[in-house]
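Descriptive structure summary
So the chains spell out like this:
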Amino acid sequence: MTGVPASAASGPPSARNAKSVPGTVGAAGAAGSTAASGPSGPAVGSGDSRVSGDQGGTKVVRGGKLGAAAVNQASLWNIANILTMIRLLLVPGFVALMLADGGYDPAWRSLAWAAFAVAMITDIFDGHLARTYDLVTDFGKIADPIADKAIMGAALLCLSVLGDLPWWVTGVILGRELGITLLRFVVIRYGVIPASRGGKLKTLIQGVAVGMYVLALTGPLATLRFWVMAAAVVLTVATGLDYVRQAIVLRNQGIAAREAASVEAER
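What you see is a predicted model, and the numbers here were worked out from it, not measured in a lab.

About the criteria used
Residues numbered from 1 in each chain as written. Predicted model: local features only at pLDDT ≥ 70, side-chain atom pairs only at ≥ 80, totals over all residues. Heavy atoms only, no water. Patch = residues over 30% accessible without salt bridge, like charges linked within 9 Å, V, L, I, M, F, W, Y side chains within 5 Å. Areas by Shrake-Rupley, 256 points an atom, 1.4 Å probe, with all protein chains shown as cover. Salt bridge = Lys/Arg side-chain N within 4 Å of Asp/Glu carboxyl O. Helix = DSSP H or I, 4+ residues; strand = E, 2+ residues; numbered from the N terminus. Expected span 1.5 Å × (residues − 1). Buried < 20%, exposed > 50% of the residue type's maximum accessible area, 1.4 Å probe, protein only. Bend = angle between axes of the 7 residues up to and from the residue. Contact = heavy atoms within 4.5 Å. Polar contact = N/O pair within 3.5 Å; in protein donor to acceptor, adjacent residues only side chain to side chain. Core = buried A, V, L, I, M, F, W, Y, C linked by side-chain atoms within 4.5 Å. Axes fitted to C-alpha atoms, helices over the stretch in contact; angles between N-to-C directions. Parallel < 35°, antiparallel > 145°, perpendicular 65-115°, else oblique. Left-handed = near helix turned anticlockwise from the far one by under 90°. Nonpolar A, V, L, I, M, F, W, Y, C, P; charged D, E, K, R; others polar. pLDDT = per-residue confidence, 0-100. Phe/Tyr/Trp six-rings, centres within 6.5 Å; stacked < 30°, edge-to-face > 60°. Lys NZ or Arg CZ within 6 Å of the ring centre and 35° of its normal.

Attention now goes to a nonpolar patch on the surface. A cluster of nonpolar side chains, contributed by Trp 77, Ile 79, Ile 82 and Ile 86, occupies part of the molecular surface with about 390 Å² of accessible area. Here Trp 77 lies in the loop between α4 (64–73) and α5 (79–99).

On to helix α7 (residues 138–161). Every α-helix carries 3.6 residues per turn, so stepping three or four residues along brings you back to the same face. Over its 24 residues, α7 extends 35 Å from the first C-alpha to the last, a length consistent with the 34 Å expected when each residue adds 1.5 Å. Residue Gly 163 follows α7 closely and has a positive phi angle near 85°.

Here the structure, examined in full by the defined rule, presents 7 salt bridges. The closest approach of N and O atoms between Arg 109 and Asp 164, which form a salt bridge, is 2.9 Å. In this pair, Arg 109 is assigned in helix α6 (residues 106–132) and Asp 164 in the loop between α7 and α8 (167–187), connecting sequence segments 55 residues apart. Using a relative accessible area of 4% as the deciding quantity, one classes Arg 109 as buried.

Quick look at α5 now. For α5, built from 21 residues, the straight-helix expectation of 30 Å at 1.5 Å per residue is met to within 8% by its first-to-last C-alpha distance of 31 Å. The axis of α5 is deflected most strongly, by about 30°, at Val 91, and proline Pro 92 appears within four residues downstream. For α5, every residue scored as buried is listed here: Ala 80, Asn 81, Leu 83, Thr 84, Arg 87, Val 91, Phe 94, Leu 97 and Met 98. Buried residues belonging to α5 abut α6, α7 and α9 (197–214). At the N-terminal end of α5, a side-chain oxygen is found 3.1 Å from the backbone nitrogen of Ala 80, two or three residues along, and the residue is Asn 78. Positive backbone phi, at 55°, marks Asp 101, one or two positions downstream of α5.

Looking now at the nonpolar core. Nonpolar side chains tend toward joint burial in soluble globular proteins. Core analysis: the largest hydrophobic core is formed by 30 residues, its most contacted members being Phe 94, Met 98, Phe 116, Ile 151, Leu 165, Val 210 and Met 229. Elements with a minimum of two residues in this core: α5, α6, α7, α8, α9 and α10 (220–266). Of the residues forming this core, the biggest block, 7 residues, is contributed by α7. Setting aside its immediate chain neighbours within four residues, Leu 165 contacts Leu 156, Leu 159, Ser 160, Thr 170, Tyr 213 and Met 229.

For the rest of this paragraph, the subject is the packing of α8 against α10. Two numbers describe how α8 lies on α10: the axes approach to 10 Å, and their chain directions differ by 20°. In terms of their interaxial angle, α8 and α10 are classed as roughly parallel. At the point where α8 passes α10, the crossing takes the left-handed sense. Contacts from Trp 168, Val 169, Val 172, Ile 173, Arg 176, Ile 180, Leu 183, Arg 184 and Val 187 in α8 reach Met 229, Val 233, Thr 236, Val 237, Thr 239, Gly 240, Tyr 243, Val 244, Ala 247 and Leu 250 in α10. Considered class by class, the residues forming the contact of α8 with α10 number 14 nonpolar, 3 polar and 2 charged.

What follows concerns the confidence of the model for the protein chain. In this model, the protein chain carries a mean pLDDT of 77, and residues with pLDDT of at least 70 account for 72%. The model gives residues 49–74 a pLDDT under 50, and that stretch makes 41 contacts with residues more than four places away or in other chains.

The subject of this paragraph is the side chain of Asn 81. By the element assignment, Asn 81 lies in helix α5. When neighbours within four sequence positions are excluded, Asn 81 is seen to be in contact with Ser 75, Leu 76, Thr 137, Phe 139 and Gly 140.

Turning our attention to the side chain of Asn 78. In this fold, Asn 78 is placed in the loop between α4 and α5. Of the residues examined, Asn 78 reaches a relative accessible area of 9% and is grouped as buried. Looking at Asn 78, its side chain comes within polar contact range of the main-chain nitrogen of Asn 81, at 2.9 Å. Every residue in contact with Asn 78, bar those within four places of it in the chain, is listed here: Leu 135 and Thr 137.

With that settled, the discussion passes to the packing of aromatic side chains. Throughout the structure, instances matching the rule amount to 2 aromatic pairs. Seen from their ring centres, Phe 226 and Trp 227 are 5.2 Å apart, and the 80° between their planes marks the pair as edge-to-face. The ring centre of Tyr 213 lies 4.5 Å from the NZ or CZ of Arg 225, which sits over that ring.

What follows deals with the environment of Thr 122. Tracing the chain through its elements places Thr 122 in helix α6. The class for Thr 122 is buried, based on a relative accessible area of 8%. Along the backbone, Thr 122 and Thr 84 are 38 residues apart, and their C-alpha atoms lie at a distance of 7.1 Å. Sequence-distant contacts of Thr 122, defined by excluding residues within four places in its chain, comprise Leu 83 and Arg 87.

Here it is, written out as structure tokens:
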């Protein structure tokens, strides 16, 4: 029976000597390092981290977890979040313009309307950009609804303070918005209530109605804004009740699913 030479079984001299000579890397070790780092990427050291790139690749970040966190945090400053922050900054400016010179000067009210219109437009674009270009962040999830309710709430409160809008209308709209927000947090353990077409239509009609009240309109336009606001109130109540119905259904489905899972686990 022919045996294998001892020199062949032990590998080439360079590979055998690599362990005994400090700082020496054998051919097999070099090839393994190249394969681990990829054909064109550098090897990742113990203090480095890999971070996924925008195009599906990976890049090496020096400094380990701290470096990776810095790269991920940079995504906070995207265009969608910047528009949300602009909308938040417009709220105090809008209030100042609304109440300037007693709150009844047509010129100041026109400037307030412009600020309100810019805020509503950014509300449309920041959500669209975030969803289309995958710019959704934890900051945006929290700040966007706050900015929406802040500008709308500021407008309604200013209008009621000035006597242009009945307080009960402001109470119904703001009560609905805050109530639905709390309801979403209550049932989030069972699932997410999706935005409905009725809710989007409600937001549009509310924005148009409040914008018409912000402007110092007279004559037929003043009458028209009354009916637009009436439609906004009806949609506000109707969509609010629909969200409550969806929340009850979602909760019941979640409880049933948990009970079925527990029964299945006991078998």
